[in-house]
Amino acid sequence: MNRFTAILLLVVLLGMDSCKKEETSAPDQFPEWLQAKITELISSQNLCEITDVTIIEYKGKTYYHIYCGLWSCSHCQLFDDKGNHAVWENNEFSDFLKSGKVIKVLPACP
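From a predicted model like this one, the values you see are computed outputs, not experimental measurements. (Residues numbered from 1 in each chain as written. Predicted model: local features only at pLDDT ≥ 70, side-chain atom pairs only at ≥ 80, totals over all residues. Heavy atoms only, no water.)

1. A few points about the packing of aromatic side chains
Threshold: A pair of Phe, Tyr and Trp rings is counted when the ring centres sit within 6.5 Å of each other, with Trp represented by its six-membered ring. The angle between the planes then sorts it: under 30 degrees is stacked, over 60 is edge-to-face, the rest tilted. Under the DSSP-based scheme used, a helix requires at least four consecutive residues in state H or I and a strand at least two consecutive residues in state E, with every element numbered from the N terminus. Burial classes: relative accessible area under 20% of the type maximum marks a residue as buried, over 50% as exposed, and values in between as partly exposed (1.4 Å probe, protein chains only).
As enumerated under the stated definition, the model contains eleven aromatic pairs in all. Taking 5.9 Å as the distance between ring centres and 65 degrees as the angle between the ring planes, the aromatic pair formed by W33 and F79 counts as edge-to-face. In this pair, W33 is assigned in helix α2 (residues 32-42) and F79 in strand β3 (residues 78-80), connecting sequence segments 46 residues apart. Judged by its relative accessible area of 24%, W33 falls in the partly exposed class. Exposure remark for F79: the relative accessible area of 1% places this residue in the buried category. Pairing Y63 with F96 gives two aromatic rings, centres 5.5 Å apart and planes at 70 degrees, and the pair type is edge-to-face. Here Y63 is found in strand β2 (residues 61-68), whereas its partner F96 is found in helix α3 (residues 92-99), with 33 residues between them in sequence.

2. Thoughts on the sheet that holds β2
In plain terms, the rule: A pair of strands is considered paired only if DSSP assigns at least 2 bridges between the two. Inter-axis angles, ranging from 0 to 180 degrees, are taken between N-to-C directions of lines fitted to C-alpha atoms, where helices are fitted over the stretch in contact.
With respect to topology, four strands assemble into an open sheet ordered β3-β2-β1-β4, the strand pairing being antiparallel. Either end of the sheet is taken by a strand with one partner, and the two such strands are β3 and β4 (101-107). Across the sheet, the mean angle from the axis of one strand to that of its neighbour is 20 degrees, orientation sign disregarded.

3. Focus: unusual backbone geometry
With the exception of glycine, most residues fall at negative phi, and the peptide bonds are largely trans. Although it is not a glycine, K59 adopts a positive phi angle of roughly 50 degrees. Inspection of the secondary structure puts K59 in the loop between β1 (51-58) and β2. Positive phi values are uncommon outside glycine, yet N90 reaches one of about 30 degrees. Mapped onto the secondary structure, N90 falls in the loop between β3 and α3.

4. Brief notes about the pairing of β2
Direction of pairing for β1 relative to β2: antiparallel, over a ladder of eight bridges. When the sheet's bridge partners are listed, T51 is paired in β2 with C68. Where β1 folds back onto β2 in an antiparallel hairpin, the turn is made up of two residues, including K59, whose phi is positive at roughly 50 degrees. Across three bridges, the pairing between β2 and β3 is antiparallel. Looking at the pairing, Y64 lines up with F79 of β3.

5. Quick notes on the nonpolar core
Just so we agree on the cut-off: Take the buried Ala, Val, Leu, Ile, Met, Phe, Trp, Tyr and Cys residues and link them wherever side-chain atoms come within 4.5 Å; each set so joined is a nonpolar core.
By size, the foremost hydrophobic cluster in this structure holds 14 residues, and its most contacted members are F30, L34, I38, I42, V53, I66 and A108. Sorting the residues of this core by element identifies α2, β1 and β2 as the ones contributing at least two each. In terms of nonpolar packing, the next biggest core, distinct from the first, is built from six residues, I56, Y58, L78 and A86 among them.

6. Remarks on the side chain of Q77
Note the following rule: Between two residues, a contact is recorded if the distance between any of their heavy atoms is within 4.5 Å.
Mapped onto the elements of the fold, Q77 is located in the loop between β2 and β3. Residue class for Q77 comes out buried when judged on its relative accessible area of 16%. Excluding residues that lie within four positions of it along the chain, Q77 makes contacts with K37, L41, Y64, H65, I66, W71 and H85.

As structure tokens, this is what we get:
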């Protein structure tokens, strides 16, 4: 490993450690289907420490966004309150990103 790569890795690791979540309470508020989905997505690779669930309100509905820091797809695991993947009409996804209100960001695992 060359010197530049080692320094870059150190900066990334320190940056991840210094990031603060909006809220750090236990994810005991997750619906059962969401907890099952989290387990399905991250348990085989032990990604709990770098996975969050963002609870978002948009047009009176609640959405759950599961995101692991290693994933390259930023909103692939976005679900409505019934556990269905969010489906958007035309430019609605852009409006969701702009107008959705983040309610909480919680760690995916207790």
